[in-house]
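Descriptive structure summary
Okay, here's what each chain looks like letter by letter:
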Amino acid sequence: MELHEIETKLQDADFQYRLKAISALQDYPTDVAVPLLTRHIQDPEFLVRTFVARELGKQKTSESFAALLQIMKFDNTPNVRAEASNSLSLFGRVSASHLVQTFLRDDHWLVRRSILAALVEMDCPEEVLEVCALGLQGEDAAVQEAAVDALGWLANSRQSEAALSQLLMLKNSEAEYIRVRVAYAIKHFDASEAKEALVELRQDADYRVVGAAMEDLVP
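Throughout what follows, the structure given in this document is the object of discussion. Keep in mind that what you see is a predicted model, and the values were worked out from it rather than measured.

**Quick word on the side chain of D106**
- Its location among the elements puts D106 in the loop between α7 (96-105) and α8 (109-121).
- Within the structure, the side chain of D106 is placed 2.5 Å from the side chain of R81, a separation counted as a polar contact.

**Concerning the side chain of T77**
- Secondary-structure assignment places T77 in the loop between α5 (62-74) and α6 (78-89).
- In this structure T77 comes out as buried when scored by relative accessible area, which is 14%.
- Side-chain polar atoms of T77 contact the side chain of N76, separated by 3.1 Å.
- Excluding residues within four positions of it along the chain, T77 makes contact with F46 and R49.

**Things to note about the packing of helix α9 (residues 125-137) against helix α11 (residues 160-170)**
- Where α9 meets α11, the axes come as close as 11 Å, and the angle between the chain directions of the two elements is 15°. Classified by the angle their axes make, α9 and α11 are roughly parallel. α11 is crossed by α9, and the crossing has left-handed handedness. Of the residues in α11, those touching α9 at L129, A133 and L136 are A162, A163, Q166 and L170.
- Taken together, the residues of the contact of α9 with α11 sort by class into 6 nonpolar, 1 polar and no charged.

**Details of the packing of aromatic side chains**
- Within the structure shown, the criterion is met by 1 aromatic pair.
- On the basis of an interplanar angle of 80° and a centroid distance of 5.1 Å, the ring pair of F65 and F91 is categorised as edge-to-face. Taken together, the positions of F65 in helix α5 and F91 in the loop between α6 and α7 put the pair 26 residues apart, joining distant regions of the chain.
- For the cation-ring pair, K20 lies above Y17, with the distance from its terminal atom to the ring centre recorded as 5.5 Å.
- Positioned above the aromatic ring of F91, the side-chain terminus of K60 is 5.7 Å from the ring centre.

**A look at the nonpolar core**
- Counting 68 residues, the largest nonpolar core has L119 and L151 as its most contacted members.
- Non-local contacts of L151, meaning those with residues more than four positions away in its chain, are made with L129, C132, L136, A163, Q166, L167, L170 and F189.

**As for the environment of R49**
- Mapped onto the elements of the fold, R49 is located in helix α4 (residues 46-56).
- A residue is classified by how much of its surface remains accessible, and R49, at 7% relative accessible area, is buried.
- Sequence-wise, R49 and D75 are 26 residues apart; in three dimensions their C-alpha atoms are separated by 8.8 Å.
- Apart from residues lying up to four places away in sequence, R49 is in contact with H40, I41, Q42, D43, P44, D75, N76, T77 and V80.
- At a separation of 2.9 Å, a polar atom in the side chain of R49 contacts the side chain of T77.

**As for the pattern of salt bridges**
- Counting across every chain of the model gives 12 salt bridges.
- Two residues, E200 and K171, come together in a salt bridge whose shortest N-O distance is 3.0 Å. Here E200, found in helix α13 (residues 192-201), pairs with K171, found in the loop between α11 and α12 (176-185); they are 29 residues apart in sequence, far enough to count as distant.
- E200 sits in the partly exposed class, given a relative accessible area of 44%.
- The residue D204 makes a salt bridge to R179 at a minimum N-O spacing of 2.8 Å. In this pair, D204 sits in the loop between α13 and α14 (207-214) while R179 sits in helix α12, placing the two residues 25 residues apart along the sequence.

**Looking at the environment of Q159**
- By secondary structure assignment, the location of Q159 is in the loop between α10 (141-153) and α11.
- Here the alpha-carbon distance between Q159 and F46, two residues 113 residues apart in the chain, equals 38 Å.
- In this view, Q159 contacts P125, E126, L129 and L154; residues no more than four positions away in its chain are not counted.

**Considering unusual backbone geometry**
- In the Ramachandran plot, D123 falls in the positive-phi region, its phi being about 60° despite a non-glycine side chain.
- If you trace the backbone, D123 turns up in the loop between α8 and α9.
- Looking at D123, the relative accessible area reads 49%, which means it is partly exposed.

Conventions and cut-offs
Residues numbered from 1 in each chain as written. Predicted model: local features only at pLDDT ≥ 70, side-chain atom pairs only at ≥ 80, totals over all residues. Heavy atoms only, no water. Helix = DSSP H or I, 4+ residues; strand = E, 2+ residues; numbered from the N terminus. Polar contact = N/O pair within 3.5 Å; in protein donor to acceptor, adjacent residues only side chain to side chain. Buried < 20%, exposed > 50% of the residue type's maximum accessible area, 1.4 Å probe, protein only. Contact = heavy atoms within 4.5 Å. Axes fitted to C-alpha atoms, helices over the stretch in contact; angles between N-to-C directions. Parallel < 35°, antiparallel > 145°, perpendicular 65-115°, else oblique. Left-handed = near helix turned anticlockwise from the far one by under 90°. Nonpolar A, V, L, I, M, F, W, Y, C, P; charged D, E, K, R; others polar. Phe/Tyr/Trp six-rings, centres within 6.5 Å; stacked < 30°, edge-to-face > 60°. Lys NZ or Arg CZ within 6 Å of the ring centre and 35° of its normal. Core = buried A, V, L, I, M, F, W, Y, C linked by side-chain atoms within 4.5 Å. Salt bridge = Lys/Arg side-chain N within 4 Å of Asp/Glu carboxyl O.

Below, the structure written as structure tokens:
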């Protein structure tokens, strides 16, 4: 799509045309794409803002980084903030502290799960451990489950001991869905304490926990 067509479509009242124009900007250099993208971070249509956040992640400039931070902080739609979090993670470790701050500030489950997954993908064990603790203190079950899963991922990291300590406390959680995730996560650890905890979980009062703990024993 020619640049003049993109600029025309970006002004169209029909958001479908704006979406096509945003997507077409991926074929243009950063100095052309970023200024046009940043003009639409407050577009009235959340799908357009989502596309903008996605494309900004492909443009590795200080301007696109700043624009993504603005979206994460001020956009009123969780899907858009989650997309911006994913895009920010593409900048690498420089984005880790910003993602942790957003996790602390934004308690929507979609944003928090996106950040957790991004930090795991980025191989940031310290930050993962920090947001797991924050997520487990919250009340959202989906975030709590994701946090337990992420603790399991830390088994082969330099935060393995701290992660296992958290899981050993969680195996006695009153919530069965937490104990189910602990049963899966703790299998990643070779420590004797982990194996002992797994034996306990195989005798849990809830059949779903028992099933999770015994899953890999069934031929």
